[in-house]
Amino acid sequence: MADFNSSFDMPSASSSENAESAQLQRLIAVEQQKAQFQAQVHNFTDVCWDKCMDKPSSKLDSRTETCLVSCVERFIDTTLSITNRFTQMVQKGAH
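Residues numbered from 1 in each chain as written. Predicted model: local features only at pLDDT ≥ 70, side-chain atom pairs only at ≥ 80, totals over all residues. Heavy atoms only, no water.

## Considering the overall build of the protein chain
For the protein chain, the helix and strand inventory stands at two helices and zero strands. Counting over 95 residues, the protein chain shows a buried share of 7%. When the accessible area of the protein chain is evaluated, it comes to approximately 8300 Å², of which 58% is carbon and sulfur surface. (Helix = DSSP H or I, 4+ residues; strand = E, 2+ residues; numbered from the N terminus. Buried < 20%, exposed > 50% of the residue type's maximum accessible area, 1.4 Å probe, protein only. Areas by Shrake-Rupley, 256 points an atom, 1.4 Å probe, with all protein chains shown as cover.)

## Some words on the side chain of Thr 64
As for its position among the elements, Thr 64 is in helix H2 (residues 62-94). Discounting chain neighbours no more than four positions away, the residues touching Thr 64 are Cys 52 and Met 53. (Contact = heavy atoms within 4.5 Å.)

## Structural notes on the state of the cysteines
Considering all chains together, one arrives at two disulfides under this definition. Across the disulfide from Cys 48 sits Cys 71; the S-S distance is 1.9 Å. The sign of the -85° torsion about the S-S bond sets the Cys 48-Cys 71 disulfide as left-handed. Of this pair, Cys 48 sits in helix H1 (residues 10-52) while Cys 71 sits in helix H2, placing them 23 residues apart in sequence. (Disulfide = S-S within 2.5 Å.)

## Concerning the pattern of salt bridges
This model, assessed by the stated rule, comprises two salt bridges. The salt bridge partner of Arg 63 is Asp 54, with a shortest N-O separation of 2.9 Å. The partly exposed category is assigned to Arg 63, whose relative accessible area is 48%. Overall, the relative accessible area of 58% leaves Asp 54 in the exposed class. (Salt bridge = Lys/Arg side-chain N within 4 Å of Asp/Glu carboxyl O.)

## Focus on the packing of aromatic side chains
Aromatic ring pairs: the centre-centre distance and the angle between the two ring planes describe each pair. Using the criterion set out here, one finds one aromatic pair in the structure. Geometrically, the ring pair formed by Phe 44 and Phe 75 is tilted, given 5.6 Å between the ring centres and 40° between the ring planes. Of this pair, Phe 44 sits in helix H1 while Phe 75 is found in helix H2, placing the two residues 31 residues apart along the sequence. On the accessibility criterion, Phe 44 (13% relative accessible area) is buried. (Phe/Tyr/Trp six-rings, centres within 6.5 Å; stacked < 30°, edge-to-face > 60°.)

## Describing a nonpolar patch on the surface
A grouping of Leu 24, Leu 27 and Ile 28 is seen on the molecular surface, where their side chains present a nonpolar patch of about 260 Å² in accessible area. Structurally, Leu 27 can be placed in helix H1. On the basis of relative accessibility, which here comes to 48%, the residue Leu 27 falls in the partly exposed class. (Patch = residues over 30% accessible without salt bridge, like charges linked within 9 Å, V, L, I, M, F, W, Y side chains within 5 Å.)

Written out as structure tokens, the structure reads:
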């Protein structure tokens, strides 16, 4: 009976495993980013709802709508500002 391991080229199997592992890591990172985004949306939905909604009704009045839009825009601007600042800090640390 032939030796089972001798029929495989181990370096190519290893590089194939490495490629699959790298692809899996990228997929995991993407899914983590999606989860973080969803958590952020949930967070500012809760905060803005509590801040802007006096009494729930079947229709938003213009004041409530303006409050919700402003609240979400502040969250987005703040998140972008913090992200940019961390990026700058990481880049300065890398040099």
